Structure formats: structure tokens, C-alpha cells
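Here's the letter readout for the chains.
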Amino acid sequence: MVLLRNLGLSSLTPSVLELFAAQGILTAEDFVAHELHKVSAAAGQRSESSEFKEAVAELLSYLENRQGGWCNGFELSQKEVRYLPLGCESIDNLLRGGMQEGTITELVGVSSTGKTQMCMQAAAHAAYKLRCSVIYIDTCGAFSAQRIAHMLGGMLGSLVQVEEQRDGLTLAMKSIQRRAYFDIFSVLAFLQDLHTTLQACAEHSSLRLLIIDSISSVISPVLGGNHSQGHALMISVGQILKKLATTYKLAVLITNHTVAGDGGQPKPALGGSWKSVPHTRLMLSHDSSNDVYTISSLKHTSLSCTKQAAFRVGRAGLDSVVGARRISE
Ligand SMILES: Nc1ncnc2c1ncn2[C@@H]1O[C@H](COP(=O)(O)OP(=O)(O)OP(=O)(O)O)[C@@H](O)[C@H]1O
């Protein structure tokens, strides 16, 4: 709860604050919850009405800057939704085009279900096919430049000239910036620095994809036990990731491990507080009998939870498995 008088806005003079208080508005939350036309009508009958209007305008612009802008339904419907494909047909079809820019996509799965392979595939495809920059935060040492090079090799195969292939590979590899951080403090500090950097030069930045593999490796160790600040740190990471995604229209891809849920079934780790952070949650599994990986939606704004896609992990990246079993359309 932020008291209006503590916001430090010049237009919130004692008489204006008194006017707000008379309407039961003491905090920024009270202001947002009240119907503006009723408050303005009440203020219009007072001598300070012009002072009051100025305060309302300043307050609205303050809140807009802090909250990322107000949007009505019409404006929202006009906004173009952009997707960042992963370059694996079955997964891109499942996601209606790929990872949605401006949102956080979380891959959940037990060990060896293809989370890291999917992250590297997304990085290689974004860097080469979409010619954009990628930041890859590696918290468990799973990133492999050689593996990315193999994946790029598969994508470059269509280029006839050897020099063209070499230049394409070099350019794409240079567009993927890998950072290795093994604790939550370093990750948080890096994300905050990234926010500051983008604030200064977002329009010149070609960054479209931010990957963290894995987020749970750095959060889990600070939850519970002697770490009284662990929960707050987790929330801070979630907030900065959301801010980066929405403000700079980044596709944010993170991975999370699983814990045993009801009946021993795997469920996403990090608990209920983290659940609201990713906009999309995808569960991965692996069938070792036919070496097929399956991906299904646990949470998506416009996708049925019963849809699935299948793929195989090959030398040159992820290959679609066509005709995968679908529980229901
Ligand atoms: N070059 C490759 N060719 C074919 N399969 C590969 C290749 N590299 C890795 N794999 C397979 O991909 C599978 C998935 O590995 P991946 O590292 O993506 O799992 P993960 O879900 O990230 O696991 P963890 O949670 O333990 O990090 C592995 O079982 C491995 O057999």
C-alpha cells in the first residue's frame, strides 16, 4: 500500500490530499479502485478543482509509467501478437507459431526430457533464421557451443557455398551470448543490469530471446531452511523477468524441474507463488521405448491443456514427429 502523500508528486498538495481523503482515497490502490468520474464530480464542486485535475493527471501519468500503461479492450485487440518460432514444426504448430513475445514460457520436466535441447534449438533458430540476438543464462553448465554449432549446421545445410555456410555459422554463434551464473544473486544482478541497459538503448537492441536454463537450479537452494529471504528473492526474479518480457517485448524461455505431486505424478517445482510467473507452462516427457519426446500445455492463454506435440532429438536439432497422438482437439 503506497500512501499518496509518500509518492512525492508536486501536485499532491495538502488541500488536494484532503480532497482525496474526503472520498476515502488515501493510497494509490484506493485511487485505482475508485471511479474517476465520481471523484472528479465531487471535486468539481470545490474551489480547488483545477488543482485537483492537475493532481489526477500527474497521478495517472505516474501510475502509467510504473505499471506499463493502461489499455482498453479495443487497444488490446489491435495489438499485434508476435511469435518467436523454435524451428520445430510440431512444437511451433502446438504453440500457434512459437513462443509469444512479451511473455514468459516455462519448460517443465524431469531430467532428460529435452528442456536444454529445446532451449538450444530456440537459441540457434532465433540467431540464424530470425537474425536476432539471444541471451542464454546457463545455471547448470548444460550449454554446449558444439551442440549449437551442430544445430546451426543443420539449418545452414541449404547454403551451397562453403564460405556462406561458414559466415552464417560465425554470425549466428556471435549472436548468442552465454552467461554462466550459479546463484540467484548473480542472476538477479545480471537481469537488473540488463533492464538498465535496455532502458537506455532498447530501440537499437536486436535482443528478442532471453533464456534461463534452469531457473529452479538457482531458486530451489534458497527456498526453505536457513534462507529467510529466499521467497522474496524468488518473487524479485519473477518480477524482473516479467518486466523485461513486457517492456522490451522479449520472448523469455525458462526451464524448471519437477517434484512429486499427487499420486507421485511429477509437477512443476517452486510452488504456488512461482506458478503465476510464467504465462505459458509446457510439460515435457520422454518415452524411451521409441525415443519420442512429448510436449503438452499445462498453462496457456489460448491453448487447450489436452493438446500435445511430439519430437525427436536428432544430431541437427529437434525433429517433428508427425501424426503424434492427440488426446483431443
Ligand atoms: N547430439 C545429440 N543427439 C541426439 N540426442 C541428444 C544429443 N544431445 C542430447 N541428446 C539427448 O537429449 C536428451 C535430453 O537432454 P536434455 O539435456 O535436453 O534434458 P533436460 O530435460 O534438460 O535434463 P536436465 O533436467 O537433467 O537438465 C538426452 O537424454 C540426450 O540423450
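Residues numbered from 1 in each chain as written. Predicted model: local features only at pLDDT ≥ 70, side-chain atom pairs only at ≥ 80, totals over all residues. Heavy atoms only, no water.

This part covers the packing of helix 7 (residues 115-128) against helix 8 (residues 145-156). Viewed as axis vectors pointing N to C, helix 7 and helix 8 meet at an angle of 50°, and their least axial separation amounts to 9 Å. Here helix 7 lies oblique to helix 8, going by the angle between them. Helix 8 is crossed by helix 7, and the crossing has right-handed handedness. Across from Q117, M120, Q121, A123, A124, H125 and Y128 in helix 7, the residues of helix 8 making contact are R147, I148, M151, L152, M155 and L156. Its residues assigned to classes, the contact of helix 7 with helix 8 comprises nine nonpolar, three polar and one charged. (Axes fitted to C-alpha atoms, helices over the stretch in contact; angles between N-to-C directions. Helix = DSSP H or I, 4+ residues; strand = E, 2+ residues; numbered from the N terminus. Parallel < 35°, antiparallel > 145°, perpendicular 65-115°, else oblique. Left-handed = near helix turned anticlockwise from the far one by under 90°. Contact = heavy atoms within 4.5 Å. Nonpolar A, V, L, I, M, F, W, Y, C, P; charged D, E, K, R; others polar.)

For helix 12 (residues 230-248), spanning 19 residues, the distance from its first C-alpha to its last is 27 Å, which sits close to the expected 27 Å at 1.5 Å a residue. Every buried residue belonging to helix 12 is among G230, L233, M234, V237, G238, I240, L241, L244, A245 and Y248, and all of these are buried. Down the axis of helix 12, the sector holding all buried residues measures 165°, keeping them to one side. Where helix 12 is buried, its residues meet strand 3 (104-108), helix 10 (184-201), strand 6 (207-213), helix 11 (215-219), strand 7 (251-256) and helix 13 (271-275). (Expected span 1.5 Å × (residues − 1). Buried < 20%, exposed > 50% of the residue type's maximum accessible area, 1.4 Å probe, protein only. Arc of directions from axis to C-beta.)

The step from D213 to S214 runs through a cis peptide bond, and the omega angle for that step is 0°. Assignment of secondary structure puts S214 in the loop between strand 6 and helix 11. At L270, a residue that is not glycine, the phi angle is positive and equals roughly 85°. With respect to the secondary-structure elements, L270 resides in the loop between strand 9 (266-268) and helix 13.

On to the domain arrangement of the protein chain. We note that the domain assignment places domain 1 (4-67) and domain 2 (83-320) within the protein chain. Once you take the C-alpha centre of each, domain 1 and domain 2 turn out to be 43 Å apart. (Domains from an automatic or database assignment.)

A separate point is the side chain of Q121. Summarising the element assignment, Q121 is placed in helix 7. From its side chain, Q121 meets the backbone nitrogen of L318 in a polar contact 2.9 Å long. Each residue touching Q121, except ones within four places of it in the same chain, is listed here: L86, G87, C88, M151, M155, G317 and L318. (Polar contact = N/O pair within 3.5 Å; in protein donor to acceptor, adjacent residues only side chain to side chain.)

Here the focus is the sheet that holds strand 7. Strand order in this open sheet of nine strands is 5-4-6-7-3-10-11-12-13, and the pairing throughout is mixed. Because the sheet does not close on itself, it has two edges, and the strands there are strand 5 (176-180) and strand 13 (317-320). Along the sheet, successive strands turn relative to each other by an average axial angle of 25°, direction set aside. Sheet topology places strand 11 (residues 292-299) next to strand 12 (residues 308-314); four bridges connect them, and they run antiparallel. Its bridge partner being in strand 12, S296 is matched across the sheet by Q308. (Pairing = 2+ DSSP bridges.)

As a further point, take the site of the ligand. V110, S111, S112, T113, G114, K115, T116, Q117, R147, Y293, V313 and G314 make up every residue found near the ligand. S112 has a polar backbone atom sitting 2.8 Å from an oxygen atom of the ligand. A distance of 3.5 Å is found between an oxygen atom of the ligand and a side-chain nitrogen or oxygen belonging to Y293. Where the shell around the ligand is concerned, the elements lending two or more residues are helix 7 and strand 12. Broken down by element, the shell around the ligand gets its largest block of residues, three residues, from helix 7. For the shell around the ligand, the residue count by class is three nonpolar, seven polar and two charged. (Near = heavy atom within 4 Å.)

Quick look at the packing of helix 8 against helix 9 (residues 162-175) now. The geometry of helix 8 relative to helix 9 is characterised by a closest axis approach of 10 Å and an angle of 135° between their N-to-C directions. With respect to their mutual orientation, helix 8 and helix 9 come out oblique. In the crossing of helix 8 with helix 9, the sense of the turn from one axis to the other is right-handed. On helix 9, the residues that touch A145, I148, A149, L152 and L156 of helix 8 are Q165, G168, L169, A172 and M173. Of the residues in the contact of helix 8 with helix 9, the class split is eight nonpolar, two polar and no charged.

Counted according to the given criterion, the structure contains one cavity of 30 Å³ or more. A volume near 80 Å³ is recorded for the largest cavity. Taken together, Y83, L95, G98, M99, Q100, T103, T105, H279, T280, H300 and T301 make up the lining of the largest cavity. (1 Å grid on protein atoms, 1.4 Å probe; cavity = no way out; pocket = protein on both sides within 12 Å on 5 of 7 lines; lining within 4 Å. Points joined across faces, edges and corners; volume = space filled by probe spheres on them.)

This paragraph deals with the pattern of salt bridges. Summed over the entire model, instances satisfying the criterion amount to four salt bridges. Linking R281 and E106 is a salt bridge whose minimum nitrogen-to-oxygen distance equals 2.5 Å. Residue R281 is found in strand 10 (residues 280-287), and its partner E106 is found in strand 3; the two are separated by 175 residues along the sequence. Taken individually, R281 and E106 each receive the classification buried, so the pair is uniform in this respect. Connected through salt bridges with shared partners, the residues R82, E101 and R208 form a single ionic network. (Salt bridge = Lys/Arg side-chain N within 4 Å of Asp/Glu carboxyl O.)

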